[in-house]
Amino acid sequence: MNLREDGKKDAQDQYRRRNSKGQVDAPSLVAPPPTSSPRVSPEPRESTSRLDNDNDVQIKSSERLQVGLSSDLDYKDTAQNIGQTLEMADRNISLLKQVEDNRELELVESAITNIQAAMELITGDDPRKPVYLTNLGNALKSRFDRLGNREDLERAIALQHCVVNLTSDSHPHKPIFLNNLGASLATRFHHHGTLEDLELAITLISHAVDLTPDGHSDKPTYLKNLGDAFEARFDRSGELEDLQKAIALEHRSASLIPDGHPEKPSCLNTLGNAFLRRFERFDNFEDIENAISLHRHAVDLTPDGHPMKPGRLSNLGNTFEARFDRIGDLSDIENAITFKRRAIDLSPKGHPDEAKYLHNLGNAILTRFDRHGDLDDLEDAIDVMRRAVELTPNDQYVKPGRLTALGDALEARFLRLGEVNDIDSAILYKRHAVELTPDGHHRKPGHLSGLGSAFQARFNKGKDTKDLDNAITAHRQAVDAVLDDHPRKPAYLNNLGSSFARRFEHLHELDDLHTSITLAQHAVSLTPHGHPDEPGRLSNLAHFLSMRYPRTRNLDDLTNAIALWRRALDLTPDGHPSRGHLYVALGQAIWVQYDRSYKISDRSAAFECFLSAANSESAPPSLRLWAAKRSASFCWQNIGVSTRDKLLPIYEQTLALIPQVVWLGHNINRRYKELSDVGDIANAAAAAAIAAGKYELAVEWLEEGRTIIWGQLLQLRNPMIILSERHPDLAKELRDVSRALEDPSNNFRDGSISHEGHHYRPNTLDEVSYRTRLVGRYKSLLAVIREKEGFERFMLRKPFAELAPACLSGPVIVLNEHGSRCDALVLCFPSRIIHVPLTDLTELLAETMRAEMVESLTMAGVRNRASKTLSRHGAGDSNNIMARVLGLLWSRVVYPVLRAIEGELSKCAVEDLPHVTWCPNGRLGFLPLHAAGDYSTGHGRKIYDSVVSSYTPSLSALVPKSSSQSIAPSTLESILVISQPSPPAFAPDLPSLPGVRKETDAIKTQFSMNHMVHLDSEKATIQAVLDSMDERPSQVIHLACHGVQDPDDPWKSAFVLHDGKLELSRLMSKSTEIGALAVLSACQTAKGDVQLSEEAIHLTAGMLAVGYRAVVGSMWSIGDADAPLVSRELYSHLKRDIEGHGEFRAAYALHEAVNKLRESLTRGGSEGKNLFRWVPFVHFGL
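Residues numbered from 1 in each chain as written. Predicted model: local features only at pLDDT ≥ 70, side-chain atom pairs only at ≥ 80, totals over all residues. Heavy atoms only, no water.

## Things to note about the overall build of the protein
When its secondary structure is counted, the protein shows 45 helices and 16 strands. Within the protein, the fraction of its 1182 residues that count as buried is 62%. Element-wise, carbon and sulfur atoms account for 49% of the exposed surface of the protein, whose accessible area totals about 43100 Å². (Helix = DSSP H or I, 4+ residues; strand = E, 2+ residues; numbered from the N terminus. Buried < 20%, exposed > 50% of the residue type's maximum accessible area, 1.4 Å probe, protein only. Areas by Shrake-Rupley, 256 points an atom, 1.4 Å probe, with all protein chains shown as cover.)

## A closer look at the nonpolar core
Formed by 102 residues in total, the largest nonpolar core has its most connected members in Met1103 and Trp1174. Counting residues per element, this core draws most heavily on helix α37 (residues 875–900), which supplies 10 residues. Trp626, Ala684, Ala686 and Ala806 belong to the second largest nonpolar core, which has 78 residues in total. (Core = buried A, V, L, I, M, F, W, Y, C linked by side-chain atoms within 4.5 Å.)

## Brief notes about the packing of aromatic side chains
Here the structure, examined in full by the defined rule, presents 12 aromatic pairs. Taking the centre distance of 5.8 Å and the plane angle of 20° together, the rings of phenylalanine 320 and phenylalanine 339 count as stacked. Residue phenylalanine 320 is found in helix α12 (residues 309–327), and its partner phenylalanine 339 is found in helix α13 (residues 330–346); the two are separated by 19 residues along the sequence. For phenylalanine 339, a relative accessible area of 13% corresponds to the buried category. Put simply, the rings of Trp591, Tyr594, Tyr598, Phe607 and Phe634 touch in pairs and so form one group of aromatic residues. Above the plane of the ring of tryptophan 591 lies arginine 630, whose end atom (NZ or CZ) is 4.9 Å from the centre. One Lys or Arg, arginine 1145, reaches over the ring of tyrosine 1148 and ends 4.1 Å from the middle of that ring. (Phe/Tyr/Trp six-rings, centres within 6.5 Å; stacked < 30°, edge-to-face > 60°. Lys NZ or Arg CZ within 6 Å of the ring centre and 35° of its normal.)

## A few points about α13
Here α13 spans 25 Å end to end across 17 residues, near enough to the 24 Å set by a 1.5 Å rise per residue. For α13, the complete set of buried residues consists of Asp332, Ile333, Ala336, Ile337, Phe339, Lys340, Ala343 and Leu346. (Expected span 1.5 Å × (residues − 1).)

## Thoughts on the environment of leucine 185
Mapped onto the secondary structure, leucine 185 falls in helix α6 (residues 174–192). Taking C-alpha positions, leucine 185 is 9.5 Å from isoleucine 202, a pair spaced 17 residues apart along the chain. Apart from the residues lying within four places of it in its own chain, the contact partners of leucine 185 are Ile157, Asp197, Leu200, Ala201 and Leu204. (Contact = heavy atoms within 4.5 Å.)

## Concerning the pattern of salt bridges
Counted according to the given criterion, the structure contains 48 salt bridges. Between arginine 1145 and aspartate 1137 there is a salt bridge, and its shortest N-O distance comes to 3.4 Å. Aspartate 1137 matches arginine 1145 in its accessibility class, with the two residues each being buried. Each of Glu817, Glu843, Glu847, Arg850 and Arg923 takes part in salt bridges that share partners, so that together they form one network. (Salt bridge = Lys/Arg side-chain N within 4 Å of Asp/Glu carboxyl O.)

## Things to note about unusual backbone geometry
The amide bond that connects phenylalanine 829 to the next residue, proline 830, takes the cis arrangement and shows omega of 0°. Secondary-structure assignment places proline 830 in the loop between β4 (822–828) and β5 (832–837). For tyrosine 598, which is not glycine, the phi torsion reads 55° and is therefore positive. With respect to the secondary-structure elements, tyrosine 598 resides in the loop between α24 (578–597) and α25 (600–614). Since its relative accessible area comes to 62%, tyrosine 598 is described here as exposed.

## A look at the packing of helix α8 (residues 219–237) against helix α9 (residues 240–256)
In the contact formed by α8 and α9, the axes pass within 7 Å of each other and the chain directions differ by 160°. The pairing of α8 with α9 is recorded here as roughly antiparallel in orientation. Considering how the two elements wind past one another, α8 and α9 form a crossing that is left-handed. (Axes fitted to C-alpha atoms, helices over the stretch in contact; angles between N-to-C directions. Parallel < 35°, antiparallel > 145°, perpendicular 65-115°, else oblique. Left-handed = near helix turned anticlockwise from the far one by under 90°.)

## Thoughts on the confidence of the model for the protein
Per-residue confidence for the protein gives a mean pLDDT of 78; residues scoring 70 or more make up 78%. Confidence scores differ between elements of the protein, with strand β2 (residues 758–760) showing the lowest mean pLDDT of 31 and β5 the highest of 96. Of the regions scoring below 50 in pLDDT, residues 1–79 engages in 411 contacts with residues more than four places distant in sequence or in other chains. This stretch, residues 712–719, has a pLDDT under 50; its non-local contacts, to residues over four places away or in other chains, come to 29 contacts. (pLDDT = per-residue confidence, 0-100.)

## Section: the pairing of strand β9 (residues 1012–1016)
Of all 5 residues in β9, 4 are buried, a share of seventy percent or more. Chirality of the crossover, the property in question, places the unit of strand β8 (residues 975–979), helix α39 (residues 995–1004) and β9 among those that are right-handed. (Right-handed = clockwise from strand over helix to strand, strands pointing away.)

## Examining the sheet that holds strand β12 (residues 1054–1056)
The strand order across the open sheet formed by 3 strands is β11-β12-β13, and the pairing between neighbours is antiparallel. The open sheet has two edge strands, β11 (1043–1044) and β13 (1061–1063), and neither has a second partner. Relative to β13, β12 runs antiparallel, the two sharing 3 bridges. What sits directly across from alanine 1054, in β13, is glutamate 1063. (Pairing = 2+ DSSP bridges.)

## Details of the environment of glutamate 250
Positionally, glutamate 250 belongs in helix α9. On the accessibility criterion, glutamate 250 (0% relative accessible area) is buried. Setting aside anything within four residues of it in sequence, one finds glutamate 250 in contact with Lys224, Gly227, Asp228, Glu231, Thr270, Leu271 and Ala274.

## Quick look at the environment of isoleucine 365
With respect to the helices and strands, the residue isoleucine 365 is situated in helix α14 (residues 354–372). Note: C-alpha distance between isoleucine 365 and aspartate 377 (12 residues apart in sequence) is 5.9 Å. Excluding its chain neighbours within four sequence positions, the residues that come into contact with isoleucine 365 are Ile337, Arg341, Asp377, Asp380 and Ala381.

## Considerations on the pairing of strand β7 (residues 948–951)
In β7, alternate side chains face the same way, and those of Val948 and Ser950 on one face and Ser949 and Tyr951 on the other are all buried. Here strand β6 (residues 915–919) pairs with β7 via 4 bridges, running parallel. Its bridge partner lying in β7, tryptophan 918 is registered against tyrosine 951.

## Some details on the side chain of serine 347
With respect to the helices and strands, serine 347 occurs in the loop between α13 and α14. With a relative accessible area of 13%, serine 347 lands in the buried category. Polar side-chain contacts of serine 347 include one of 3.2 Å to the backbone oxygen of alanine 343. Within the structure, the side chain of serine 347 is placed 3.1 Å from the backbone oxygen of isoleucine 344, a separation counted as a polar contact. (Polar contact = N/O pair within 3.5 Å; in protein donor to acceptor, adjacent residues only side chain to side chain.)

## Considerations on the packing of α39 against helix α43 (residues 1122–1141)
Relative orientation of the contacting elements α39 and α43 amounts to 10°, with a least axis distance of 8 Å. As far as their axial angle goes, α43 and α39 are roughly parallel. Residues Gly995, Lys998, Glu999, Ala1002 and Ile1003 of α39 touch α43, and the partners they reach there are Ala1123, Pro1124, Ser1127, Arg1128 and Tyr1131.

## What to know about helix α18 (residues 444–462)
Taking 1.5 Å of rise per residue, the 19 residues of α18 would be expected to cover 27 Å, and the 27 Å separating its terminal C-alpha atoms lies within 8% of that figure. Most of α18 is tucked away: 16 of the 19 residues are buried. Once α18 ends, the next one or two residues include lysine 463, with phi positive near 60°.

If you want it as structure tokens, here you go:
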């Protein structure tokens, strides 16, 4: 007999304890600012681990009956074949016991066949009929236990019913018949949940007990089975009387059976389950110790071939997991997982208990994830639990618990990775669990609490008040449904208090906060000292008190909160992920106290708390990053010798955390959003390094922090030439996995990527699971590669020595803007850095220039490329504003740099102007440094008179991929031109671009038709462009069309083609040959995102990531009449340089082309009159 399955719910913090058998909450901890909020106790996962109270008495009873028949029953059969058949059937019955020991299924099949044959040969009134009917039923039940065929169980019950009806109470075997029917009905109850089956089983087995005298050898078996049934009813009803009856009956049964008896393991297993049940209800540690001892003994006495071995192993695992939840011994959870895996390994595929064993294993793995935070555990738990849910029909009473548990796992992943689809799915599963559970069911409160926790988790992310209302309702219903002596009551109180606190934060009603404190105090008072959930409940109470302090200014609230958080830390073991949260919460409270006391000791204590949180390796990376930033901020605010020395180590750690927060496993859009929260960490770190005179370190940190996403993309597209030559198999697999990770449009895709047995099948997992596993494989591949000689630093953060070659084509000027200082670091050949302090530039001034640039662009109306002349509305004012910004850029940034590197520039310039590349960050990344100058008079100095300017989003984009790779090609042979002069049907509001015709005609004058592919108008479809990039890779691609930027979703920035938008994400997923030049004659192709300046995510930089060495784009809309001139001059100068100097110099070609445009615009007038027409043209890359 297989009895009971319950479920447990975890809510939403990293500090979680899951009890696979009983609902236990874990602490709700304070989130780091700026979104500090009360947390729901991770308790509410109701236990769903199923325990096996097995009953294998039927076959033994059959054997006894067969022997009795041979000696006691008087029957005469004259036909020899009848005698032979009956003898064979009796022999099979006597062999059935071996099936348990040897798992020989053929014996069961043979027994069924021969008993059925014997049944056909005996008459209806034959006194042997009840015996053979019950033995056939037992054999069918035995086959059901092994194969799970429901028809076998139904036939067994029908036959056993018939036997019971055929015999009177005076029949010597009537107790056996009653017991066997009761046991089969109990089995059906556990598979289908029909309560009538269980009630009838209790009645039948009770009758068997009553008919059996004390001292009879079968009495212990009947007592055990009756105890099983009462325990099963306790699981369904929650009536404590049923559990007490079960323990009494099972204890009596076990005491009557000697150790060598074959029924002993079953009795021990059942009694162990009962003790575990009582432990869950009363938290008596002696009960869990007894349960482990009994289950271990039962397993030891059961051979591997026994059909009940998997269930007993799973039960033993459950008891170890329950003890882990109570005392936190890591060896217990490891044992739990080991035993539960063995249970699955020993049970055949398709067995009726497969879902139960999968569910129990998933619970244990999820519990281990709670302690270690290993994402592989979380993914395994979700996979296993999802399979368990899929295998469980809705009409099974265990379905709600399994739904809740799967919801818990998805909620845990949402809290770790933040994917909204996970929490939506979790709520869906948990709501279904509540709906399937009738009112009054003892598991209903747990399901309600779990649902409330999920609603609150989603509210914390999306701030939809409906979610908060639903959370409060569900938590209140859970609290009202149980008494104070219920072990889960503290968790329900804790969760309800958290919901009231959240409502206080939104509505600012102080009564809500008073209520939350009262509830939290009640929860703490009901929690036994030393309970693993005590730290979390103490932390929640401390948090609520700290929330009330600013409103009441009652110092007792703050003092008590600090004391409670210290207690919580003292009770939390080292290595637990919640310690980071507790350090942050305590540090915040002490800092508030410092604001009142001004004691140096308080300030230092707060700093040490934040530093400890940053060093807590088990804490979530986002929290560690916040704590590290807070520690660094403390050092800046209290700058001195001691704090300055601490800054660099803090930033070293901080920058190492950024890739974990902006995680490679997230989809690209999610990584982009995460990065916007990172702020100016790299800038601040570089400022600290510059202040310490460590310029190379500053360059390394800027490179690492500012381009975390682009850097990853560029690395993933790295040709890996050397690796391909020396380890082609590793290179191929890394490239395959990298491309899958790189694809920002990935959701579900058909097919799989495979290599040497490793398979990636996105169609079998949701996106998060798929990407998480890809990341795991990617990391393991990197580890293998780095073990190879010569690849020890493969794809690690580049040291300065590897970045220095970025200046091969001229000095690279890295600009850093921070509140403490602004600087330029100029990389000069071969590997020298010139530091230029920008003493006249401040963060405020940089922001002012950026704002004025936006204002001037708006006034000028430069939004779309159009055939008409650019808007004259406010032209004078807009030009004046632009001229003022360019003048400030010249005097505060550009001129000081050029003056400082004058000697280096003279070395670079022979016949032409020297070439420099700007690598700005912060607000400077949105300003046209290449056009800086004094436009107040006709003779003011301008940057373009001194140098040719380029830009780069990162130093890595300028570094050759190998020592043999040339910087640029020596010929210009092929070009792909895409033009869209008329607005496409899907975007009729876009203006026409008649100048595109002249532009393409100008290009044709520079290329022969044999070397040119032109996709115009209706031919310029998305697929045609992509196919052309694949079929005939060109050195140059020229796009003359509208371009659009999407600041909310940069990867949807796109080129407007005939049938749709060719988005940057589509290009990024394209595996192209590297081209020499991309010319983007479209509007806004080099305008970055104001919120994410470090990434400069725009179409121009995107084409660098696609693989083009150089890109010409525009910072805002260009004039339709200007594009033909610039295009003609650009390609003319490119060809001239190649023919005259054997060099491909796109930056110089654009410089000359823009000079021509500027000259045509300024004839007879000031250079400052038409700034908006020539300034937007920019060159990126080599």
